[in-house]
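Residue-level structural notes
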Amino acid sequence: TATAADSNCLNSPWGEIQVGKETLTDYVFSDVEDWSDAPSVTCGASGRGYDYGMMRMMIDRCAGALAGHLKMAPGDRIGLILPNLPEFVVLIHGAMKAGLVVTFANPLYTADEVKRQFGDCNVKAIATIEMFMPVAQEVAKSLKDYKGTIWVGGEDDKGQGVYGLRSLLMADHQADLPTVDCEEVCLIPYSSGTTGMPKGVMLTHKNLVSNLKQTQCPKMMKYEGEKGKGDVLLTVPPFFHIYGFNGILNYNLKLGYHVVTMPRFTPDDYIKCLVEYQPTTLFVVPSLLAFLATHPSVKKEHLQWVETIMVGAAPTTDSMLEKFLLKVEKTKDEIKLLQGYGMTESSPVTLMTPYTYPYSKVGSVGQLVPSTQARIVSITTGEMLGPHKSGELWLRGPQVMKGYWKNEKATKETVDSEGWLHTGDVAYYDEEFYFYIVDRTKELIKVKGNQVSPTELENVIMERPEVADVAVVGVPDPLAGEVPKAFVVLKPKQKLTEKDIKDLVAQKLTRYKHLDGGVVFLESIPRNAAGKIMRNELKVLGMKK
Ligand code: AYL
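Residues numbered from 1 in each chain as written. Predicted model: local features only at pLDDT ≥ 70, side-chain atom pairs only at ≥ 80, totals over all residues. Heavy atoms only, no water.

**Observations concerning unusual backbone geometry**
Trans peptide bonds make up the majority, and among non-glycine residues the majority have a negative phi. Short version of the rule: Secondary structure elements follow DSSP: runs of H or I no shorter than four residues count as helices, runs of E no shorter than two count as strands, and numbering proceeds from the N terminus. Buried, partly exposed and exposed residues are distinguished by accessible area as a fraction of the type maximum, computed with a 1.4 Å probe on protein chains only: under 20%, between the cut-offs, and over 50%, respectively.
The linkage connecting Ser347 with the following residue, Pro348, adopts the cis geometry, with an omega of -5°. Its location among the elements puts Pro348 in the loop between strand S16 (336-342) and strand S17 (349-352). Even without being a glycine, Lys493 presents a positive backbone phi close to 65°. Inspection of the secondary structure assignment puts Lys493 in the loop between strand S27 (481-490) and helix H15 (498-508). Here Lys493 falls in the exposed class, since its relative accessible area comes to 85%.

**Here's the deal with the packing of helix H2 (residues 52-69) against helix H3 (residues 86-97)**
Inclusion rule: Every axis in this analysis is a line fitted to C-alpha atoms, fitted for helices over the stretch in contact. Angles between the N-to-C directions lie between 0 and 180 degrees. Roughly parallel refers to an angle under 35 degrees, roughly antiparallel to one over 145, roughly perpendicular to one between 65 and 115, and oblique to any angle outside these ranges. Definitions for this section: a left-handed crossing has its near helix turned counterclockwise from the far helix by less than a right angle. A right-handed crossing has that turn clockwise. Whether two residues touch is decided by their heavy atoms; if any such pair falls within 4.5 Å, the residues are in contact. Each residue gets one label: Ala, Val, Leu, Ile, Met, Phe, Trp, Tyr, Cys and Pro are nonpolar, Asp, Glu, Lys and Arg are charged, and the others, such as Gly, are polar.
H3 packs onto H2 with a crossing angle of 55° between their chain directions and a minimal axis gap of 7 Å. Relative to H3, the element H2 lies oblique. Crossing geometry of H2 relative to H3 is assigned as right-handed. Contacts from Met55, Met58, Ile59, Asp60, Cys62, Ala63 and Leu66 in H2 reach Pro86, Val89, Val90, Leu91, His93, Gly94, Ala95 and Lys97 in H3. Each residue belonging to the contact of H2 with H3 can be placed in one class, and the counts come to 11 nonpolar, two polar and two charged.

**Description of the packing of aromatic side chains**
Two aromatic rings are characterised by how far apart their centres lie and by the angle between their planes. The following threshold applies: Aromatic rings from Phe, Tyr and Trp, with only the six-membered ring used for Trp, were paired whenever their centres fell within 6.5 Å, and each pair was classed as stacked if the ring planes differed by under 30 degrees, edge-to-face if by over 60, and tilted otherwise.
Tallied over the entire structure, the rule returns 11 aromatic pairs. Ring centres of Phe104 and Phe245 lie 6.2 Å apart, and the angle between their planes is 70°; on these two criteria the pair is classed as edge-to-face. Note that Phe104 is positioned in strand S5 (residues 101-104) and Phe245 in helix H9 (residues 242-254), a separation of 141 residues in sequence. Phe245 gets classed as buried once you look at its relative accessible area, which sits at 0%. Both rings, one in Tyr429 and one in Phe433, keep their centres 5.9 Å apart while their planes meet at 20°; by these two values the pair is stacked.

Encoded structure:
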């Protein structure tokens, strides 16, 4: 690894991957012949699942139905409002096979939140389940050139433009599917990036396939010869987030693992799944690791089959890792606790702990994955910094997004002309090129791994005529990591209570965006000369009050 640093930037100590020309779906399912009878995805709540051969057939048929029956054209956007279900895989890969571009929303979003996202990227079809049909139909009414709603688990209702997924697949609609180029965009997840409202992140087949190859680098991850060896993954992070979709679902499907998932997390159901499916691998977010480590109902016997745990998407603490090892009464050699770091804008993984990382590095988010370069840039001078010096983390590689959807300004601010992604995270690295994330300069708030854009909450609060100014920041929370807190300035002689503000946000936005950090009324919001909110001052204030 002595060559990992040159004068200009750091290179991955793990070398390069061969960036291929495959589409995502073809790549993920390219080895299916070897295990077509093995289970692919199972719903842990209902037990419903499909083997790999069946899954691939359903994907092909779904592509035929979308192109041939709903008349979706290559490049058209389809919106998913789906929890983690086996059919999620059928729809997302079916759509990609038909050359469509997928965007997904949290099913617990309000209709306002979904309308904004699906309207922004002109969605022409929505797929959902019965529980979210009312939201889907309300959103559909606001969309132009709408082709229809696909109802997973439901029947056709042609008068309403509703198609049951099952009947679509049974009909075996034929269509000439397009030849899809790997440079084409296939997924538009939403991320607020470093500032402002959530924006569409344009990811191409090549971005997503590259990231699978990077994170499955045989040397780094010791995966050689282990594919399809009957491993079972139990996972709850949502597939409608880039971590769940590419980092977990596609990652494990490519390996031929049995993916067991749940549409909704409850401690009892999760423990039931541990016992029933005996998972060898868990992919979690820090709050789920905390649950496993500290919840009294989770016993070490429940975790006896687990060999590997991947923790991603938000910071986790050394002490939580220690607590977990104490709970399972295992050593670091008997159970691998891997960590990853990334962003929606980078498909998502850029840093990962290698399989054999030494215990002294616990707390690190790992090393650069292959074909990825980094710089640590001083926040004050813009200089490139050496080991043990904290600065903004910049990253470059084939997994970095094409840009933000219809937002050139934000794209230019985030990915510079040399291709460096400015992450808005503060990090340093040590002599062995292990990275440590220490802070965030961007506005983003992370609640249980979910993104919360302060701008989105501020816009909602500003809608009240009594409000003169507002700023929202994240404050630390032992369970959620961070929670949003609002600082509000009222116009003269106006009265609003903390409850008024909280209720307003609760009406408009989904649960995890609510103001669990509380509301503080101020005389003025601290702003710099350019009028930018000085969020760090508010964070300090937020911790005191
Ligand atoms: P987004 N430690 C600290 N902060 C993190 C970490 C981590 N391990 N991972 C992500 N973040 C923060 O787009 C950081 O501020 O990404 C980063 O800029 O929802 C932001 O979250 C990005 O938020 C995996 C699995 C990475 C998942 C991910 C995260 C994808 C979500 C690597 O192996």
